[in-house]
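# Commentary on secondary and tertiary structure
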Amino acid sequence: MSVQLDIRLKRVNKIYHEEEIVIGYVVVESRSEVKHEGITLTMEGNVTMQLSSKNVGILEAFYSSAKPVLLTSSVIEIAKPGKLPPGRTEIPFEIPLKPRPNRTLYETYHGVFISIQYYLKCEMKRSLLNKDLQKILEFIMEYKNQKVDSKAIPVNFSITPESLQNVRYRKNMPNFVIKGRIDSTVCNIMQPFTGELCIEKCDAPIRSVELQLVRVETCGCSEGYSRDATEIQNIQIGEGDVCRNILIPIHMIFPRLFTCPTLVTNNFKIEFEVNVVVVFEDEHIITENFPIVIIRP
């Protein structure tokens, strides 16, 4: 006998805000009558943190402090022990999205070393002869009114061999002048990251001009901290030996789930950077780094 258990939400996009009611229904489908020992629905939201392998030897004591941080938790019984008729049964539910005492709800974020996730878990208890059924559904939490300063902060930049740092063989570098503008380093997550770039002069042929979005995740505690930067996405804004003295537009959309408003707490940080990368045909790479602040105004 096959029994199907599923969770459906009223909102197709599965996006909710703090203090809202998560409304949906649990679906049970079976060709025959289903006997159960009760159906419960659990809502949980937590922050999970882990160390990168390069830091394990240094911060082994950190593991005791890297336990998941529970942001919200509630359990409701949506059906008492009994029987469900053959066919499709829909059991409605409503559950408020509220933080636990002394906790704050953060936006959903899927990172490499830090993840913030919210989910519903439905469990149908059954007799000893039948396996309990379980279904998990993730939904998205977003800020509704984030109090931040959303004033745009434009940045003009100029990249030359003299402006580069951490260069071993500066004499072997080609002569170049790359100028541009970032429209704002304070970025609305719902709007694209924009600006422009111009190769004014370059003696060596160029293979590619790229824009790289980087996440910087920091997990900290009394024993120490782990800070890691990883790439989220890399888009090409210029291919081949691009023409000189022509403006190249910079336009990048922030990917959902892999980015969130910049977050700094006592236990962890989620920050972001943008790199302008120029790759020469001889494999030399030059990079200009721009720390950015992502907000949801």
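Just so we're clear, the structure is a prediction, and the values are computed from it rather than from any experiment.

### Here we look at the overall build of the protein chain
Along the backbone of the protein chain there are 0 helices and 21 strands. Expressed as lengths along the three principal axes of its C-alpha atoms, the size of the protein chain is roughly 80 × 40 × 40 Å. Across the 297 residues that make up the protein chain, the buried fraction comes to 47%. Partitioning the intrachain contacts of the protein chain with sequence separation of at least 6 by distance along the chain shows that 72% fall at a separation of at least 24. Taking the 35 positively charged and 36 negatively charged side chains of the protein chain as two groups, their mean positions are separated by 6 Å.

### Let's talk about the pattern of salt bridges
Any two side chains of opposite charge can pair, so long as their charged atoms come close to each other. If you walk through the whole model with that rule in mind, you get 17 salt bridges. The closest approach of N and O atoms between Glu123 and Lys125, which form a salt bridge, is 3.6 Å. The shortest N-O distance in the salt bridge between Arg256 and Glu142 comes to 3.2 Å. You can see Arg256 sitting in the loop between strand E18 (247–252) and strand E19 (263–264) and its partner Glu142 sitting in the loop between strand E11 (133–141) and strand E12 (155–159), a full 114 residues away along the chain. Look at Arg256 and you get partly exposed, because its relative accessible area is 28%.

### Thoughts on unusual backbone geometry
Only a minority of non-glycine residues have a phi that is not negative, and only a minority of peptide bonds are not trans. Phi at Asn102 takes a positive value of approximately 65 degrees, unusual for a residue other than glycine. Inspection of the secondary structure assignment puts Asn102 in the loop between strand E8 (87–96) and strand E9 (109–110). Residue classification places Asn102 among the exposed residues on the basis of a relative accessible area of 82%. Backbone geometry places Glu283, a non-glycine residue, at a positive phi of 80 degrees. Mapped onto the fold, Glu283 is located in the loop between strand E20 (268–280) and strand E21 (285–295).

### Describing the pairing of E20
The buried fraction of E20 is high, at 11 of 13 residues. In this sheet, E20 lies alongside E19 in antiparallel orientation, the contact comprising 2 bridges. Looking across to E20, one finds that Leu263 is bridged to Ile270. In this antiparallel pair of consecutive strands, E19 and E20, the connection spans 3 residues. Across 8 bridges, the pairing between E20 and E21 is antiparallel. When the sheet's bridge partners are listed, Val279 is paired in E21 with Ile285. From the end of E20 to the start of E21, which pair antiparallel, there are 4 residues, and Glu283 there has a positive phi angle of about 80 degrees.

### A word on the sheet that holds E8
In spatial order, the strands read E1-E3-E8; together these 3 strands make up an open sheet with antiparallel pairing. The sheet terminates laterally at strand E1 (3–9) and E8, the two strands that pair on one side only. Here the strands of the sheet are splayed against their neighbours by 20 degrees on average, with no regard to which way each runs. When strand E3 (residues 21–30) meets E8, the two strands line up antiparallel, connected through 10 bridges. By the bridge assignment for E8, Gly24 is matched with Phe93.

### Regarding the packing of aromatic side chains
Each aromatic ring pair is specified by the distance between its two centres and by the angle formed by the two planes. One pass over the full model with this rule turns up 6 aromatic pairs. Grouped by ring-pair contacts, the aromatic residues Tyr16, Tyr118 and Phe139 constitute a single cluster.

### Overview of the environment of Asn156
Relative to the assigned elements, Asn156 resides in strand E12. What makes Asn156 exposed here is its relative accessible area of 64%. When sequence neighbours within four positions are dropped, the list of residues in contact with Asn156 reads Gly180 and Arg181.

### Concerning the sheet that holds strand E13 (residues 176–182)
The strand order across the open sheet built from 4 strands is E12-E13-E15-E18, with neighbouring strands paired in antiparallel fashion. Only two strands of the sheet have a single neighbouring strand rather than two, namely E12 and E18. Here the average twist between neighbouring strands, direction ignored, is 20 degrees. The sheet contact formed by E13 and strand E15 (residues 193–202) spans 7 bridges and is antiparallel. Among the inter-strand pairings, Val177 is bridged to a residue of E15, identified as Lys201.

The rules behind each value
- Residues numbered from 1 in each chain as written.
- Predicted model: local features only at pLDDT ≥ 70, side-chain atom pairs only at ≥ 80, totals over all residues.
- Heavy atoms only, no water.
- Helix = DSSP H or I, 4+ residues; strand = E, 2+ residues; numbered from the N terminus.
- Buried < 20%, exposed > 50% of the residue type's maximum accessible area, 1.4 Å probe, protein only.
- Contact = heavy atoms within 4.5 Å.
- Lys, Arg positive; Asp, Glu negative; His and termini not counted.
- Charge placed at Lys NZ, Arg CZ, Asp CG, Glu CD.
- Salt bridge = Lys/Arg side-chain N within 4 Å of Asp/Glu carboxyl O.
- Pairing = 2+ DSSP bridges.
- Axes fitted to C-alpha atoms, helices over the stretch in contact; angles between N-to-C directions.
- Phe/Tyr/Trp six-rings, centres within 6.5 Å; stacked < 30°, edge-to-face > 60°.

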